[in-house]
Amino acid sequence: MSTRTPLMAGNWKMNLNHLEAIAHVQKLAFALADKDYEAVEVAVLPPFTDLRSVQTLVDGDKLKIKYGAQDLSAHDSGAYTGEISGAMLAKLKCTYVAVGHSERRQYHGETDEQVNTKVKAAFKHDLTPILCVGEELAVREAGNHVTHTLAQVEGGLRDVPAEQAETVVIAYEPVWAIGTGKVCGAEDAQEVCAAVRGKIAELYSQEVADKVRIQYGGSVKSGNVAEIMAQADIDGALVGGASLDADEFVKIVRFRDQ
Ligand SMILES: O=C(CO)COP(=O)(O)O
């Protein structure tokens, strides 16, 4: 395990309305203790419509849990119906924003160029992007998973300066392991995460690469998180389904006890 502070983030996807979000964050806050937050950074990524409620709760009760959004617009403002800007997310005191999640790439055709513009938009508004990368099953079966994933990292970070790049979070999420119950073996995940760190060292420097946190995502549960977190280049998890169950997510945060 590395010396980087692990980041456990729950990507709720399109689940939990704003009332359910309040109840869910309250449950997490009740269960998590100071010693959890000292060891692990804990974040939730609720749907846009929940963010104001989560902000009010976190501010009002001075909770240590962080939050962010699942996407942002590449633009700052203007005639972009349905989009949400980085400025709006910053106003809601979001810390993180996921960029280029495979579901955005798959269902909304997001390209590496668009993802790169969104990464820059996030930094422009002082949000930390969680840049999501990872291969589809056919790519892994063809043995091209490392090349594919590194191209996404390079594309996503194009023209991002080192002082910003060192704060980025990269989430390696093999598409075939998302929501399928098929976990990428811990050593297979480590292979790609180590290669991602190597790519960042090549693009920037070893110093920058040593600072960047790399998460694994794809069917993470309390039962497999410890093995995943034991890998040298894995600094956290981006958790989908299991983050919707507060007890389960707390167990994932406490991966050292599992
Ligand atoms: O896509 C994911 C997180 O962003 C992973 O989802 P699951 O944990 O449901 O497989």
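Below is a summary of the structure that appears in this document. All figures in this text were calculated on a predicted structure; none of them were measured in a lab. (Residues numbered from 1 in each chain as written. Predicted model: local features only at pLDDT ≥ 70, side-chain atom pairs only at ≥ 80, totals over all residues. Heavy atoms only, no water.)

1. A few points about the overall build of the protein chain
The test is simple: A helix here means a DSSP run of H or I that spans at least four residues, while a strand means a run of E at least two residues long, and both kinds are numbered starting from the N terminus. We compute the radius of gyration from the C-alpha atoms alone; for a globule the expected value is 2.2 Å times N to the 0.38, where N is the number of residues. Each residue's exposure class comes from its accessible area (1.4 Å probe, protein chains only) as a fraction of the maximum for that residue type: buried when under 20%, exposed when over 50%, partly exposed otherwise. Accessible surface is estimated by sampling points in the Shrake-Rupley manner with a 1.4 Å probe; for residues, cover comes only from the protein chains shown. Residues scored as positive are Lys and Arg, those scored as negative are Asp and Glu, and His as well as the terminal groups of each chain are ignored. For charged residues, the charge sits on one atom: NZ in Lys, CZ in Arg, CG in Asp, CD in Glu.
Of regular secondary structure, the protein chain possesses 13 helices and eight strands. In summary, the protein chain has a C-alpha radius of gyration of 17 Å against a globular reference of 18 Å for 258 residues, a match within 12%. Projected onto its principal axes, the C-alpha positions of the protein chain cover 50 × 45 × 35 Å. A buried classification covers 53% of the 258 residues belonging to the protein chain. Accessible area of the protein chain: about 11400 Å², with a carbon and sulfur share of 51%. Charged side chains of the protein chain number 26 positive and 37 negative; the gap between the two group centres comes to 4 Å.

2. Some remarks on unusual backbone geometry
A positive phi angle, close to 55°, is found at Lys 13, a residue other than glycine. Tracing the sequence through the fold places Lys 13 in the loop between β1 (7-11) and α1 (18-31). Notably, Asp 159 is not glycine yet its phi reads approximately 65°, a positive angle. As for its position among the elements, Asp 159 is in the loop between α8 (145-156) and α9 (162-165). Judged by its relative accessible area of 65%, Asp 159 falls in the exposed class.

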